[in-house]
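Analysis of the macromolecular model
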Amino acid sequence: MNREKFAYSSCPLVKAMTALGSKWKPIIVCVIRDKKVRFGQLAAIMDVISRKVLTDQLRELEADGILIREEFKELPPRVEYSLTQKGLDLLPIFSLLEEWETKYDPQSEVIHSAVHSLHEPMLAEKD
């Protein structure tokens, strides 16, 4: 979807889908959840996405007010991402989407559980 083409739409659904309309953005939001996550952690968890695409998606989420990028002036440089209140408010919506998918494809729950069990220890290491 061309972001610029729909940026000035007055339709709330069009605006929401413009902000979340890639396949990666909802996944990024769900991975971050209520934690602060470093870029390297996200890249490791989401190893099927290139670093360039991940960077682009993070920039767009920041521009749309869904996440906060916090840069620390230290060596080596450190950047942490966390959700804004707007981003946190998406979590119950995504949870409903997960329930909807599981209702019609029970195999999705097995995959969902496996994915969560893989990335939870990686996020816990940095706490």
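For every chain, the first residue of the written sequence is number 1, and numbering continues from 1 onward in sequence order. Since the coordinates come from a predicted model, pLDDT governs what is reported: local features require at least 70, and pairs of side-chain atoms require 80 or more to be given and counted, while whole-chain, interface and lining totals use all residues. No hydrogens and no water enter the side-chain calculation; it runs on all heavy atoms of the structure.

Labelled according to an unreviewed UniProt entry, the chain appears under the name Helix-turn-helix domain-containing protein, originating from Xanthocytophaga flava.

**Details of the environment of Leu-91**
Secondary structure counts use DSSP, requiring at least four H or I residues in a row for a helix and at least two E residues in a row for a strand, with both numbered from the N terminus. One can find Leu-91 in helix α7 (residues 91–104). It is 9.1 Å that separates the C-alpha atoms of Leu-91 and Pro-26, two residues lying 65 residues apart in sequence.

**Details of the sheet that holds strand β2 (residues 67–72)**
An order of β1-β3-β2 is seen for the three strands of this open sheet, with the pairing classed as antiparallel. The sheet terminates laterally at β1 (37–38) and β2, the two strands that pair on one side only. Bridge count between β2 and strand β3 (residues 78–83): six bridges; the pairing is antiparallel. If you follow Leu-67 over to β3, its bridge partner there is Leu-83. Between any two strands, at least two bridges found by DSSP are needed for them to pair.

**Some words on helix α5 (residues 51–63)**
Between its first and last C-alpha, α5 extends 18 Å over 13 residues, near the 18 Å set by a 1.5 Å rise per residue. Residues Leu-54, Gln-57, Leu-58 and Leu-61 constitute the buried set of α5. For α5, the buried positions fall inside an angular range of 100° around the axis, keeping them on one side. The exposed residues of α5 that point more than 90 degrees off its buried face are Lys-52, Arg-59 and Ala-63. Taken together, the buried residues of α5 touch α2 (12–20), α3 (25–32), α4 (39–45), β2 and β3. Remark: Gly-65 follows α5 within two positions and exhibits a positive phi of approximately 75°. One less than the number of residues in a helix, times 1.5 Å, gives the span that helix is expected to have. Summary of the burial criterion: residues with accessible area below 20% of their type's maximum are buried, those above 50% are exposed, and those between are partly exposed, where the area comes from a 1.4 Å probe applied to protein chains only. Along the arc lie the directions from the helix axis toward the C-beta atoms. The contact criterion used throughout is that any non-hydrogen atoms of two residues lie within 4.5 Å.

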